[in-house]
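# Inside the fold
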Amino acid sequence: MPALVHTPPLPGPHPARFKDQVAIVTGGASGIGEATCRRLVAEGANVVIADINGERANALAAELGPCASAQTFDAADVASIQTVVLGTVARFGRLDVLHNNAALSAPAVHTRDRNAVDIEFEVWDQVMAVNLRGYMAGCKYALPTMIRQGRGAIVNTASTGGFSGDITRLAYSVSKAAVIGLTRQIATHHGAQGVRCNAVAPGLVLTPGTHGAAADVIAVMQRHLLVPEVGLPEDIAALVCFLASAEARYINGQTYIADGGMLAHNPAMADLVDLAVSPR
Ligand SMILES: NC(=O)c1ccc[n+]([C@@H]2O[C@H](COP(=O)([O-])OP(=O)(O)OC[C@H]3O[C@@H](n4cnc5c(N)ncnc54)[C@H](O)[C@@H]3O)[C@@H](O)[C@H]2O)c1
């Protein structure tokens, strides 16, 4: 198994960076979304943990205390997204941060998301409904409030899969590439109205969503990292919260890769190291 001991530990939250702000995190009950909810609450926000897994969302909200609440929804269902966003605005009177992060994670769909020859349109449509239309719908319903406020930050979770080809997961990769485009479009249309829209593109991050991956697959991926340890959800949450915060006020329409350097180097690097052509 890859090293998981990160030294020194990630610096802690910035107290009060999101004081009195209201945030929605979709897919907030697990992995990257959960870490983002924890950090936003620690930094002073009221956070709506929106997830299809209501039980886990409720448990996390109970653990995080009165500044967190849970909302069950399905990102494939536009009406339920509208309910989450408009319900949050009705309750708090504002919306400062939307983290579009949920992605279809059902193994039954993943294993059928292969290549253009084999994929069934039903699988393509399911992936696009959650990973792309769901993000667009979140923006659509959040934007009027953010525009009215003259301020708001949207952070979309893309993936390195949106930048590079892979041996499988056609629909997933295309949906994440489209999220990068969506991010630029929203920033272009609404930046001058005070809304920033940026994206994070994680590489391999150890979450419940990836713990199913075989240890040997993770070990292969780790050979291509330019850092000693595999990423944790907290590494991505730190970037999400920076982009959502006022510290990033001059950043709009961008996608930030957080992948331990996976996409930064010659793809043959690990093989060359094996050949002892180049020491590491
Ligand atoms: N973990 C990684 O290595 C990695 C790499 C690149 C990108 N990402 C992206 O990061 C995001 C979070 O991934 P993770 O690894 O934390 O996953 P995870 O499986 O740990 O968490 C995903 C959460 O989304 C929820 N969800 C799934 N379908 C939903 C739906 N239809 N409606 C509402 N909620 C739904 C799940 O219940 C779960 O709580 C995803 O967008 C994923 O594509 C993850």
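Structure: see above.
Report on the accompanying structure. All values reported here derive from a predicted model rather than from experimental measurement. (Residues numbered from 1 in each chain as written. Predicted model: local features only at pLDDT ≥ 70, side-chain atom pairs only at ≥ 80, totals over all residues. Heavy atoms only, no water.)

### Some thoughts on the overall build of the protein
Helix and strand counts for the protein stand at nine helices and seven strands. For 280 residues, the compact-globule formula gives about 19 Å, and the C-alpha radius of gyration of the protein, at 19 Å, lands near that figure. Each principal axis of the C-alpha atoms in the protein carries an extent, and together these give about 60 × 45 × 40 Å. When the 280 residues of the protein are sorted by exposure, 48% land in the buried category. (Helix = DSSP H or I, 4+ residues; strand = E, 2+ residues; numbered from the N terminus. Rg over C-alpha atoms; globule rule 2.2 N^0.38 Å. Buried < 20%, exposed > 50% of the residue type's maximum accessible area, 1.4 Å probe, protein only.)

### Considering the site of the ligand
Near the ligand lie 31 residues; those nearest to it are S30, D51, N101, Y172 and T207. At a separation of 2.6 Å, an oxygen atom of the ligand approaches a polar side-chain atom of D51. Contacts to the ligand include N101, whose backbone N or O atom sits 2.8 Å from an oxygen atom. When residues of the shell around the ligand are traced back to their parent elements, those giving at least two are α1 (31–42), α5 (121–149) and α6 (170–190). When grouped by side-chain class, the residues that make up the shell around the ligand number 15 nonpolar, twelve polar and four charged. (Near = heavy atom within 4 Å. Polar contact = N/O pair within 3.5 Å; in protein donor to acceptor, adjacent residues only side chain to side chain. Nonpolar A, V, L, I, M, F, W, Y, C, P; charged D, E, K, R; others polar.)

### Thoughts on the packing of aromatic side chains
In total, this model carries zero aromatic pairs according to the counting rule given. It is R169 that lies over the ring of Y172; its NZ or CZ is 3.8 Å from the centre. (Phe/Tyr/Trp six-rings, centres within 6.5 Å; stacked < 30°, edge-to-face > 60°. Lys NZ or Arg CZ within 6 Å of the ring centre and 35° of its normal.)

### Section: the sheet that holds strand β2 (residues 46–51)
Strand order in the open sheet formed by seven strands is β3-β2-β1-β4-β5-β6-β7, and the pairing between neighbours is parallel. Looking at which strands have only one partner, the edges of the open sheet turn out to be β3 (68–72) and β7 (255–258). For this sheet, the mean inter-axis angle between neighbouring strands, taken without regard to orientation, is 20°. Examined bridge by bridge, β2 and β3 share five bridges and lie parallel to one another. Residue V47 lies in a different strand from β3, and its bridge partner there is A68. (Pairing = 2+ DSSP bridges. Axes fitted to C-alpha atoms, helices over the stretch in contact; angles between N-to-C directions.)

### Considerations on the environment of Q254
If you trace the backbone, Q254 turns up in the loop between α8 (233–244) and β7. Residue Q254 is classed as partly exposed on the basis of its relative accessible area, which comes to 40%. Between the alpha carbons of Q254 and V230 there is a distance of 24 Å; along the sequence they are 24 residues apart. Setting aside anything within four residues of it in sequence, one finds Q254 in contact with T183, C197, N198 and A199. (Contact = heavy atoms within 4.5 Å.)

### Focus: a nonpolar patch on the surface
Residues F163, I257 and L263 make up a contiguous nonpolar surface patch of roughly 240 Å² in combined accessible area. Along the chain, the position of L263 falls in the loop between β7 and α9 (269–274). Accessibility expressed as a relative area gives 35% for L263, which makes it partly exposed. (Patch = residues over 30% accessible without salt bridge, like charges linked within 9 Å, V, L, I, M, F, W, Y side chains within 5 Å. Areas by Shrake-Rupley, 256 points an atom, 1.4 Å probe, with all protein chains shown as cover. Salt bridge = Lys/Arg side-chain N within 4 Å of Asp/Glu carboxyl O.)

### Regarding the packing of helix α3 (residues 78–92) against α5
Packing of α3 against α5 brings their axes to within 9 Å, and their N-to-C directions diverge by 25°. With respect to their mutual orientation, α3 and α5 come out roughly parallel. Between α3 and α5 the crossing geometry is right-handed. Contacts from V78, I81, Q82, V85, L86 and V89 in α3 reach R133, G134, A137, G138, Y141, A142, T145 and R148 in α5. Residue composition of the contact of α3 with α5, by class: eight nonpolar, four polar and two charged. (Parallel < 35°, antiparallel > 145°, perpendicular 65-115°, else oblique. Left-handed = near helix turned anticlockwise from the far one by under 90°.)

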